[in-house]
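# Close look at the chain arrangement
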Amino acid sequence: MAEKRLGYQTVRLASPPYIVGAAAVAGPMEAQGPLGHEFDQTYPDLLAGQQSFEKAERLMMQDACQLALKKAGVTGSPPEVDYFLAGDLLNQLITSTFSALPLAVPFLGLYGACSTFAESVGLGAMLIDGGYADRVLCATSSHNAASERQYRYPTEYGNQRKPYSQWTVTGAGAVVLAAAGSGPRITHVTVGKVADLGIKDPYNQGAAMAPAAVDTIDVHLKDTGRSVDYYDLIVTGDLARFGSQMAINLAADRNLYLGDRYQDCGVLIYDSEKQDVHSGGSGCACSAIVTCGHLLKEMSRGKIKRLLVVATGALLSPTSFQQGENIPAVAHAIAIEG
Amino acid sequence: MMYLKAFLVGGLICMLAQLILDNTKFSPGHVLSGFTVAGGILGGLGFYDRLIDFAGAGASVPISSFGNALVKGALQEANTRGLVGVLTGMFEMTSTGIAAAIVFAFLTAVVFQPKS
């Protein structure tokens, strides 16, 4: 077995890379939520002064990248990073590719649906630990109106949302990883397998992703020989209220009791009493802005020391679900230790 | 009295659609096309016009009325022009609605931009 591998799906980073800068920017709905004060920048409306929702999402990713670079003290144009790893939900990754253009650094586009945040940070950490890079910029974004238009129905259609449907988060998160520096470190990366439980409803993504999340958490703990108690907090990306309850039950079936050490970013980001978001948040910005905006700050405040972020992605396209295909899911985990 | 009948029949048609949306896995697209086809079948059998006579706008406003109008136009033209009439007649009675939808959608798109 390769020397840095643990068990079936986990890698242990020999020299864990540091998160030297992180930033989160968020849309109006997220700004009004319970974590609103934690975000580095918020926008008063979904257009953010741009002509289209897609351009607004692009601006958000670029703003998040610039803020993260600034916090990391990375200057210069082009910025002194070896790779830019980014992903979003729009067709052909237009947010990421158009954001990469002005950065002018080597770029790799990633699509993992809403698991992209953990995918980009995990890969970035592996690039650094492998000795292929000193510094990597990772970014993830999603936009409510741009995603709804592409995956479901545009606003103009006036479609009714089901009670268990989730609200795609508007915003972007970016982190700068470095081989040297200070800050929390990425110690382990567990790459998930694609799982399919036969869910076909594109509104019921929490149910589609919960089994993948539980499998990745279980494998991560077995591979590392850790227990749930090792972590101060285990967060899933965007299972929301119904999906996270399902995850707790599925984990109990595997004798894994998540208890109060477990939370879900899709639940944390909105106030379910005051905000009309139904089951909670989704979209790849969900885990990105909750982690970059809130959880990493909690780590620097000393409230969390060991964090496991399990970002979950529902792998559907409008074509696949219109043709009656199931919605498979994947979950990737990154262990962040302060 | 007509107002009450229109309210009840129109409301019942919409309630049926809402029950289907809430309790089945059918999407709004399925309900839309399903009600159009159902209206067409009822129209072909001669029931839908009687429903319109009874409930007025309660039956003529929901999408099922569009299916009825498609079939009715096709049957009328088929009587005078034969098989080709099925094709030419289909949009005979519905052309106002279709043209209005296109024109107003165009005007709205020119003037407004979605904010959310």
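Residues numbered from 1 in each chain as written. Chains lettered and ligands numbered in written order. Predicted model: local features only at pLDDT ≥ 70, side-chain atom pairs only at ≥ 80, totals over all residues. Heavy atoms only, no water.

## Considerations on the overall build of chain A
Within chain A, the regular secondary structure consists of ten helices and 15 strands. On C-alpha atoms alone, chain A measures out to a radius of gyration of 18 Å, which is about the 20 Å that the 2.2 N^0.38 rule sets for 338 residues. The principal-axis extents of the C-alpha atoms in chain A amount to approximately 50 × 50 × 35 Å. For chain A, contacts bridging at least 24 residues in sequence account for 78% of all contacts bridging at least 6. (Helix = DSSP H or I, 4+ residues; strand = E, 2+ residues; numbered from the N terminus. Rg over C-alpha atoms; globule rule 2.2 N^0.38 Å. Contact = heavy atoms within 4.5 Å.)

## Quick look at the interface of chain B and chain A
Residue-level contacts link eleven residues of chain B with twelve residues of chain A. Taken over both partners, the interface formed by chain B and chain A buries close to 920 Å², and the fraction arising from carbon and sulfur atoms is 48%. Looking only at chain B, the three residues that lose the most surface to chain A are P28, P114 and S116 of chain B, adding up to 48% of its buried area. At the boundary of chain B with chain A, the tally comes to zero salt bridges. Put simply, chain B and chain A have four residue pairs in polar contact (both at pLDDT 80 or more) between them. Counting only elements with at least two residues in the side of chain B that touches chain A, the list comes to α1 (2-23) and α2 (28-44) of chain B. (Buried area = accessible area lost by both parts, 1.4 Å probe. Salt bridge = Lys/Arg side-chain N within 4 Å of Asp/Glu carboxyl O. Polar contact = N/O pair within 3.5 Å; in protein donor to acceptor, adjacent residues only side chain to side chain.)

## Here we look at the domain arrangement of chain A
Residue and element names in this part refer to chain A. Here chain A is described as being made up of domain 1 (5-178) and domain 2 (185-337). Relative placement of domain 1 and domain 2: their C-alpha centres are 17 Å apart. Contacts between domain 1 and domain 2 engage 67 residues on the former and 63 residues on the latter. Summed over both sides, the interface between domain 1 and domain 2 buries roughly 5,200 Å², with carbon and sulfur atoms accounting for 62% of that surface. (Domains from an automatic or database assignment.)

## Quick notes on the packing of helix α2 (residues 53-71) of chain A against helix α5 (residues 144-151) of chain A
Residue and element names in this part refer to chain A. As a packed pair, α2 and α5 sit with axes 8 Å apart at the nearest point and diverge in direction by 130 degrees. Here α5 runs oblique to α2, going by the angle between their axes. Of the two elements, α2 crosses α5, and the hand of that crossing is left-handed. Judged by residue contacts, F53, E54 and E57 of α2 engage A145, A146 and R149 from α5. In terms of residue class, the contact of α2 with α5 is built from three nonpolar, no polar and three charged. (Axes fitted to C-alpha atoms, helices over the stretch in contact; angles between N-to-C directions. Parallel < 35°, antiparallel > 145°, perpendicular 65-115°, else oblique. Left-handed = near helix turned anticlockwise from the far one by under 90°. Nonpolar A, V, L, I, M, F, W, Y, C, P; charged D, E, K, R; others polar.)

## Considerations on the packing of aromatic side chains
Residues and elements named next belong to chain A. Taken as a whole, this structure holds two aromatic pairs over all chains when the rule is applied. Measuring from centroid to centroid gives 5.7 Å for F84 and F107, while their planes differ by 40 degrees, and the two rings are tilted. With F84 in strand β5 (residues 83-87) and F107 in strand β6 (residues 107-109), this pair connects stretches of sequence that are 23 residues apart. Plain terms: the ring middles of Y230 and Y231 are 5.1 Å apart, the flat faces sit at 80 degrees to each other, and that makes the pair edge-to-face. On the accessibility criterion, Y230 (22% relative accessible area) is partly exposed. The ring of Y230 carries the charged tip of R306 above its face, separated from the ring centre by 4.0 Å. (Phe/Tyr/Trp six-rings, centres within 6.5 Å; stacked < 30°, edge-to-face > 60°. Buried < 20%, exposed > 50% of the residue type's maximum accessible area, 1.4 Å probe, protein only. Lys NZ or Arg CZ within 6 Å of the ring centre and 35° of its normal.)

## Side note on the packing of α2 of chain B against helix α5 (residues 64-81) of chain B
All names here are of chain B. Viewed as axis vectors pointing N to C, α2 and α5 meet at an angle of 45 degrees, and their least axial separation amounts to 6 Å. Accordingly, the angle class assigned to the pair α2 and α5 is oblique. Here α2 runs over α5; the crossing is right-handed. Contact residues: α2 offers F35, T36, G39, G40, G43 and G44, while α5 offers S64, F66, G67, N68, V71 and L75. Taken together, the residues that form the contact of α2 with α5 break down as four nonpolar, eight polar and no charged.

## A word on the pairing of strand β11 (residues 233-236) of chain A
All names here are of chain A. Along β11, one buried face is formed by L233 and V235 and the opposite face, lined by I234 and T236, is buried too. Looking at chain direction, β11 and strand β14 (residues 306-314) are connected through four bridges and run parallel. If you follow L233 over to β14, its bridge partner there is L307. In the sheet, β11 pairs with strand β12 (residues 262-264) via three bridges, with the strands oriented parallel. Among the inter-strand pairings, V235 is bridged to a residue of β12, identified as Q263. (Pairing = 2+ DSSP bridges.)

## Quick word on the pairing of strand β15 (residues 329-337) of chain A
Residue and element names in this part refer to chain A. Among the nine residues of β15, nine are classified as buried, and the element is accordingly described as predominantly covered. Where strand β10 (residues 185-190) and β15 come together, five bridges link them in antiparallel fashion. The residue of β15 that forms the bridge with I186 is I336. Two strands pair when backbone bridges link them, and β14 and β15 are joined in this way by nine bridges, in the antiparallel orientation. In the sheet register, V309 faces β15, and the bridge partner there is I334.

## Details of a nonpolar patch on the surface
All names here are of chain B. Together, V103, F104, F106, L107, V110, V111 and F112 line one region of the surface with nonpolar side chains, adding up to about 770 Å² of accessible area. Positionally, V110 belongs in helix α7 (residues 95-111). Of the residues examined, V110 reaches a relative accessible area of 56% and is grouped as exposed. (Patch = residues over 30% accessible without salt bridge, like charges linked within 9 Å, V, L, I, M, F, W, Y side chains within 5 Å. Areas by Shrake-Rupley, 256 points an atom, 1.4 Å probe, with all protein chains shown as cover.)

## Description of the environment of G46 of chain B
Along the chain, the position of G46 of chain B falls in the loop between α2 and α3 (47-55). Sequence separation between G46 of chain B and M15 of chain B is 31 residues; the distance between their C-alpha atoms is 23 Å.

## Let's talk about the confidence of the model for chain B
Close inspection of predicted coordinates is inappropriate for parts of the model with low pLDDT. All names here are of chain B. Across chain B, the average pLDDT comes to 93, with 100% of residues at or above 70. In the model of chain B, helix α6 (residues 83-89) stands out as the element of lowest mean pLDDT, 91, in contrast to α3, which has the highest, 96. Both scores are available for the predicted complex, with the pTM at 0.90 and the ipTM at 0.74. (pLDDT = per-residue confidence, 0-100.)

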